[in-house]
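# Remarks on the overall topology
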Amino acid sequence: MTDNKAPYVPGHGLLTGRTAVITAAAGAGIGGATARRFLEEGARVVLGDAHGRRLEETVAALAEEFGEERVAGRVSDVTDEAQITALYDLAEERHGRLDAVVNNAGLGGTALLTEMTDEQWDKVIDVTLTGTFRCTRAALRRMKAGGHGGVVVNNASVVGWRAQAGQAHYAAAKAGVMALTRCAAVEAAAYRVRVNAVSPSLAMHPHLVKVTTPELLAALTEREAFGRYAEPWEVANVIVFLASGYSSYMTGETVSVSSQHA
């Protein structure tokens, strides 16, 4: 199923000199892959994650590879406004500006609607949708004040477009992220800030294996046009594109990183 993997794409300096904040960036998923791709493209990165130990390990490894002056991190829970503020403060203290924000933090789960509790619903909405709102709001305030434009890239999901049993809370949250992206883009255009989103379907990482049955993973993989799941870096490549000058006339868009967009 994975014998047709794509070759890894080397960096081309697309983000040289830019300062980026990336949430949920510790670990082996899309956030971690995005941090690496941004560094390979020449950016300076400030990583946020709610998991302190994992974040520390990620920052240390990337700093050793790309240089301590280009990598920093701060524990950041997107449900806590003060921690979001502190994360952005770190970026501006170290590099004097904020050029790009990648809102990757999200929380899933599986529960049929008739069995879903208010607590399950509220937790997924708070992290996935309201957390993206908090981070986008804070980013736009700073980019507007900075006067030099900027980019926000949100992580949505194909589930925001199509139905999947047991995913009502997650689907509602991701559809909300898409709508938030469109509205934020219209407002931010006046101060030269672009807001877009990526919408992956199935990107493989260790956590997904832990929370998903092999049967469901196999069924989801079979639905993909290439007959395989995406590698996290393949989603990160599209995030790089949206953060770069190559997408200078794109805003308010949600880009499907999959054939499963309807």
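Residues numbered from 1 in each chain as written. Predicted model: local features only at pLDDT ≥ 70, side-chain atom pairs only at ≥ 80, totals over all residues. Heavy atoms only, no water.

## With respect to the pattern of salt bridges
Let me state the cut-off plainly: By definition, a salt bridge exists where a carboxyl oxygen of Asp or Glu is found within 4 Å of a side-chain nitrogen of Lys or Arg. Think of it this way: any DSSP run of H or I at least four residues long counts as a helix, any run of E at least two long counts as a strand, and we number them from the N terminus. Relative accessibility decides the category of a residue: with a 1.4 Å probe and only protein chains considered, values under 20% of the type maximum give buried, values over 50% give exposed, and everything between is partly exposed.
Here the structure, examined in full by the defined rule, presents 12 salt bridges. Note that Arg 36 and Glu 65 form a salt bridge whose closest N and O atoms lie 2.8 Å from each other. Of this pair, Arg 36 sits in helix α1 (residues 30–40) while Glu 65 sits in helix α2 (residues 52–66), placing them 29 residues apart in sequence. Taking the shortest distance from any N to any O, the salt bridge between Asp 99 and Arg 97 comes out at 2.7 Å. Overall, the relative accessible area of 8% leaves Asp 99 in the buried class. It is possible to trace a salt-bridge network through shared partners that takes in Arg 36, Arg 37, Glu 40, Glu 41 and Glu 65.

## A few points about the sheet that holds strand β1 (residues 19–22)
The test is simple: By the convention used here, strands pair only if DSSP detects at least 2 bridges between them. Convention adopted: a line fitted to C-alpha atoms gives each axis, helices being fitted over their contacting stretch, and angles between N-to-C directions are expressed from 0 to 180 degrees.
Reading across from one edge, β3-β2-β1-β4-β5-β6-β7 is the order of the seven strands in this open sheet, with parallel pairing throughout. Both edges of this open sheet fall to β3 (71–75) and β7 (254–257), since each of them pairs with a single strand only. Between one strand and the next, the sheet's axes are offset by a mean angle of 20 degrees, whatever the strand orientation. Across five bridges, strand β2 (residues 44–49) lies against β3 in parallel orientation. Each bridged residue has a counterpart across the sheet, and for Leu 47 the counterpart in β3 is Gly 73.

Read these as geometric descriptors, not functional statements.
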